[in-house]
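# Chains, contacts and geometry: an overview
Spelled out from the first residue to the last, the chains are:
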Amino acid sequence: VQLVESGGGSVQPGGSLRLSCAASGFTFSLYNMRWYRQAPGKELELVAGISSAGGTTAYAASVKGRFTISRDNAKNTVYLQMNSLEPEDKAVYYCYAVRFTPSADYWGQGTQVTVSS
């Protein structure tokens, strides 16, 4: 089982990045997907989530209107489009797959996002 994030990097405030998370080794279309982030010295924060079929999404208040989560089940990939980035968005972003019946979950290794001028 693998979740491999990509697309992180360094941008100026107001810039955009698109994170991708490629899944393998499990039936991606059966899993809800989430993006978490962890900033230095802070707790892990749930950023966005999407249901297994992609019909339902949810966002943290801090990113709503700026970030968009989406998925392509044919490509076993989930995305996080991040616009209007702020210095407070600097963190390591993690991809997370979860299902509840039966219970199973997987984490990616993380990708660094830095926002600075």
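Because the structure is a prediction, the values reported are computed rather than measured.

### Some thoughts on the side chain of Ser-20
- Its location among the elements puts Ser-20 in strand β3 (residues 17–24).
- The residues contacting Ser-20, other than those within four sequence positions of it, are Val-4, Glu-5, Ser-6, Trp-35, Thr-77, Val-78 and Tyr-79.

### Concerning the pattern of salt bridges
- Enumeration according to the criterion identifies four salt bridges in this entry.
- For the salt bridge of Arg-37 with Glu-45, the shortest nitrogen-to-oxygen distance reads 2.8 Å.
- A salt bridge links Glu-86 to Arg-66; its shortest N-O distance comes to 3.8 Å. Linking Glu-86 in the loop between β8 (77–82) and β9 (91–100) with Arg-66 in the loop between β6 (57–59) and β7 (67–72), this pair joins segments that are 20 residues apart in sequence.

### Considerations on the environment of Pro-13
- Relative to the helices and strands, Pro-13 is located in the loop between β2 (9–11) and β3.
- Pro-13 has contacts with Leu-85, Pro-87, Val-115, Ser-116 and Ser-117, leaving out every residue within four places of it along the chain.

### Some remarks on the pairing of strand β11 (residues 111–115)
- Across the five residues of β11, four count as buried, placing the element largely inside the fold.
- As paired elements, β2 and β11 share three bridges and run parallel to each other. Paired with Gly-9 across the two strands is Val-113, which belongs to β11.
- In this structure, β9 lies alongside β11, joined through three bridges in antiparallel fashion. When the bridges of β11 are listed, Val-92 appears paired with Gln-112.

### Section: the sheet that holds strand β1 (residues 2–6)
- On the basis of which strands lie adjacent, the open sheet formed by four strands has the order β1-β3-β8-β7 and antiparallel pairing. This sheet does not close on itself; its edge strands, each paired only once, are β1 and β7. Sheet twist, expressed as the mean angle between neighbouring strand axes with direction ignored, is 15°.

Thresholds, definitions, all that
- Residues numbered from 1 in each chain as written.
- Predicted model: local features only at pLDDT ≥ 70, side-chain atom pairs only at ≥ 80, totals over all residues.
- Heavy atoms only, no water.
- Helix = DSSP H or I, 4+ residues; strand = E, 2+ residues; numbered from the N terminus.
- Contact = heavy atoms within 4.5 Å.
- Salt bridge = Lys/Arg side-chain N within 4 Å of Asp/Glu carboxyl O.
- Buried < 20%, exposed > 50% of the residue type's maximum accessible area, 1.4 Å probe, protein only.
- Pairing = 2+ DSSP bridges.
- Axes fitted to C-alpha atoms, helices over the stretch in contact; angles between N-to-C directions.

Structural measurements only, silent on function.
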